[in-house]
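Survey of secondary and tertiary structure
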Amino acid sequence: MKKIIVVGGGWSGCAAALAARKAGAEVTLLEKTDMLLGAGLVGGIIRNNGRFTAAEEAIAMGGGDLFKLADATARHVNISFPGHNHASLYDIVKIEPAVRNYLLEKGVDIRCETRITDVSLDDDRIVAVTSEDGETFVGDVFVETTGTSGPMGNCRKYGNGCAMCIQRCPAFGPRVSLAAKAGVKEVIGRRLDDFYGAMSGSGKLNKDSLAPDIRAELEATGVAVVPLPPGMVDKKKLAMKPCQQYALDEFAENIVLLDTGHAKIMTPFFPLAKLRKVPGFEQARYADPYAGGRGNSIRFLAMSPRDDYLQVKGLTNLFCGGEKAGLLVGHTEAIVTGTLAGHNAVRLAAGQELLKLPRTTAVGEIIAFVRESMATEAGLKLKYTFSGSVFFERMREMELYTTDTAAIKERIAQADLSDIFGRPLL
Amino acid sequence: MAVAGKATFLCADAGTAVCPCFLAETGNCVQCSLLQGEEVCNCRWSGVCIYNEFGWAGEKAQPSREEIKVADWQKNIIGTDSVLFEITVLAELARECQQPGSFVLIKAAEKPSIFYVPMTVMDVSVSPPQLKLAVQSVGPKTLALREATGDLTLKGPYLNGLFGVRYLERLTNRKALLFVRGICQAASVPVAKALVRQGNTCLAVFDPGKTEKVFVADYYDALKIPILEGSLLEAEGRELLRRLLQTEKPDLIFSGGSNEQHEDILRELRGLGLRIPLVVTSDYTICCGEGICGSCQIMTAAGQKVRSCKARLSPDDLWA
């Protein structure tokens, strides 16, 4: 049986592992921390704006298992908040065990607390990866979904220092880029002000630390929009965020909270003393990152050059998904790219023609558009998501955005992609 | 098959009281790619971030190891050229020297700093706090130390006296073979103690060399480690190695001696197609111990220049 090794157990890695397993390969998923889902453990927003279309495309292509799991644990469905419609908020506590059990059921060999620090090469082919503890994993094809956030050195150099986020680098070790270890020159994202990287765009407040009326509103509707007192509005912070879909004036003029289990606060960081001056936040405290009053993780400093099959350039048997595949923001973006990367890994192992998704689909278009955009200086300063900013505008212009699931199914059928990720290749 | 790219080595001093050191200030940190001047973090150290600590320290190195004056010490002759020093130190230093591979820099107090010589800590007692060092007099520094009568000065601990030390740290309830020559008997004592403490069974082969006798026999008796005699630098000793590899099937080999001996063992293992982890004593020149003087700089098998006083290398990094 062909062996696929997936390095990095965030949303993208889980999707890649699942897709490779469904395509018939033996799959080992390696994750440095003690939980799967990475930033997905603190995120929670799906199906907002064009993400709805992308999720439904994935479902129509037979690669929608993880969206269905997220839907099943949703705390709120079909909600709106500034600039965003028909969003679902999955429960960040329930989702990890659900995904882990599902992958185990499907036969994925999951190894947590297994941090890959070295790679063995035979010319331009990866033969094996080795963990910090010296365990070696030999495979036919590899998928890298290690993300781009951190490690601590980057958060210090390009941010406000380690904010003690969910990556927990000091405990589980810093992120190691497999492609870089294999000698691939990686791509670095920019901020609008020409500085490297971007700061993660949201944090979590402990819901119990908020005023009862805010809590009640969150629980009932999923959203609370609390106006900031005059003099506390800081629009400069919008430019820091990778999530440009939330870089709207409403997010600078208000505190926007979403109920994902904790109270998700839609700003990169908010000094605690200042936050506590806002009515209803007098007792506020951060649940993630722990030092969310000081800063947040820095990301997008380690992206792999790749083609539209998501194969990494310069190596013959490495694919990438999620943030490794470019300036892509969000769980949905991670899942759809991870799915294609895992699927193509099996195609390569089996000696079959690789799959490229056509630009008549939102997923195919984002993969190609991000690759093209990142070839330009200006493009390196932007972030790309189905849910807002440049790419959502593009989806609307190209008439790719729709919430009509029948039309999406038809679009996928037209491209001859129905259930393509659901069918075994081996 | 090769490990690709520029290897980053763990630093023996990473996360200790002396980290970040002067190498952080000069852009030569063994560990941190950012402090080496690269654009992004590419580090393997899973401890407190050195770059972060350097920032908090106002981009200044931590003070390096302090010079300590010692009045309470004695020496006992072991052999023609060899002397055992027993030195009373502060409890803190004794505690910090317990890790296998620890060494101190030592000299007679009246001598200038160029007389500092690195000396492996053979044994530590915590109460009373004492270090035992076995010194073989071969050059000006060790000869001067042998002649010392007044106060001594020392600095430490330095931690990188062994290569492949992570294999040693991980081995539990298995079997180890120790090949020890000459004055490296001293370095073998903390290794043997650690192996036994971790539940391993050991067998040792000694070649007293110029030290003329097995002066650590009492330690090995106490640890219940059987001792054989034989020299790996001779055909007969290499035959013994081959036989023991067959009969003992060790999970780890410790080589205390010269690089020539380490390479002989490695060649033998590779010739037999065996991949048994090897732990060796460092046979490289150490002067300042801080990565500054450059005397310890060596070339790895992959052609990378590293400071052997700091980089936690393995024998595979050294000999391709």
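Just so it is clear, the model here is predicted, and its values are computed rather than measured. (Residues numbered from 1 in each chain as written. Chains lettered and ligands numbered in written order. Predicted model: local features only at pLDDT ≥ 70, side-chain atom pairs only at ≥ 80, totals over all residues.)

All right, on to the overall build of chain A then. Within chain A, the secondary structure is distributed over 14 helices and 18 strands. Relative to the 2.2 N^0.38 estimate, which gives 22 Å for 426 residues, the radius of gyration of chain A is 20 Å and therefore close to what a compact globule would have. The C-alpha extent of chain A, read off along each of the three principal axes, is 60 × 50 × 40 Å. Out of the 426 residues belonging to chain A, those deemed buried represent 58%. (Helix = DSSP H or I, 4+ residues; strand = E, 2+ residues; numbered from the N terminus. Rg over C-alpha atoms; globule rule 2.2 N^0.38 Å. Buried ≥ 20, exposed ≤ 12 C-beta atoms within 10 Å, placed from the backbone.)

Another aspect to go through is the interface of chain B and chain A. Counting residues at the interface gives 20 residues for chain B and 29 residues for chain A. Only strand 1 (2-3) and helix 2 (50-56) of chain B provide two or more residues apiece to the side of chain B that touches chain A. The biggest single contributor to the side of chain B that touches chain A is helix 2 of chain B, with three residues. Per-class residue counts for the side of chain B that touches chain A are 12 nonpolar, six polar and two charged. (Contact = placed C-beta atoms within 7 Å. Nonpolar A, V, L, I, M, F, W, Y, C, P; charged D, E, K, R; others polar.)

Residue and element names in this part refer to chain B. Taken as a whole, chain B is organised into domain 1 (68-158) and domain 2 (162-283). If you average the C-alpha positions of domain 1 and of domain 2, the two centres end up 24 Å apart. Along the lines of polarity and charge, the residues of the side of domain 1 that touches domain 2 split into five nonpolar, six polar and two charged. (Domains from an automatic or database assignment.)

Residue and element names in this part refer to chain B. When you line up the elements, lysine 155 lands in strand 9 (residues 152-158). When the 21 C-beta atoms within 10 Å are taken as the criterion, lysine 155 is described as buried. On a C-alpha basis, the gap between lysine 155 and leucine 105 in space is 5.2 Å, while along the polypeptide they are 50 residues apart. If near-sequence neighbours (up to four positions away) are discounted, lysine 155 is found in contact with Arg65, Glu66, Glu67, Ile68, Val104 and Leu105.

Okay, the domain arrangement of chain A next. Buried accessible area, meaning the area lost when the parts come together, often serves as the stated size of an interface. Residues and elements named next belong to chain A. Under the domain assignment used here, chain A contains domain 1 (3-193 + 299-414) and domain 2 (198-288). On a C-alpha basis, the centres of domain 1 and domain 2 stand 26 Å from each other. Each side of the interface is counted separately: domain 1 has 33 residues, and domain 2 has 26 residues. Broken down by secondary-structure element, the contributors of at least two residues to the side of domain 1 that touches domain 2 are strand 4 (74-81), strand 5 (84-90) and helix 13 (389-397). If you tally residues by element for the side of domain 1 that touches domain 2, the top one is strand 4, at four residues. In the side of domain 1 that touches domain 2, the residues fall into 17 nonpolar, 10 polar and six charged.

Below, the discussion takes up the packing of helix 2 (residues 50-60) of chain A against helix 11 (residues 331-349) of chain A. All names here are of chain A. With their axes 10 Å apart at the nearest point, helix 2 and helix 11 run at an angle of 30 degrees to one another. Judged on the interaxial angle alone, helix 11 and helix 2 are roughly parallel. The way helix 2 lies across helix 11 gives a crossing that is left-handed. The segment helix 2 lies against helix 11, with Arg51, Ala54, Ala55 and Ala58 engaging Thr332, Ile335, Val336 and Thr339. Partitioned by chemical class, the residues of the contact of helix 2 with helix 11 number five nonpolar, two polar and one charged. (Axes fitted to C-alpha atoms, helices over the stretch in contact; angles between N-to-C directions. Parallel < 35°, antiparallel > 145°, perpendicular 65-115°, else oblique. Left-handed = near helix turned anticlockwise from the far one by under 90°.)

Core analysis: the largest hydrophobic core is formed by 228 residues, its most contacted members being Ile4 of chain A together with Ile50 and Leu178 of chain B. Looking at this core element by element, the count peaks at nine residues for helix 11 of chain A. The contact partners of isoleucine 4 of chain A, leaving out residues within four places of it in the chain, are Ala20, Ala25, Val27, Gly139, Asp140, Val141, Val143, Gly342, Ala345, Val346 and Ala349 of chain A. (Core = buried A, V, L, I, M, F, W, Y, C linked by C-beta atoms within 7 Å.)

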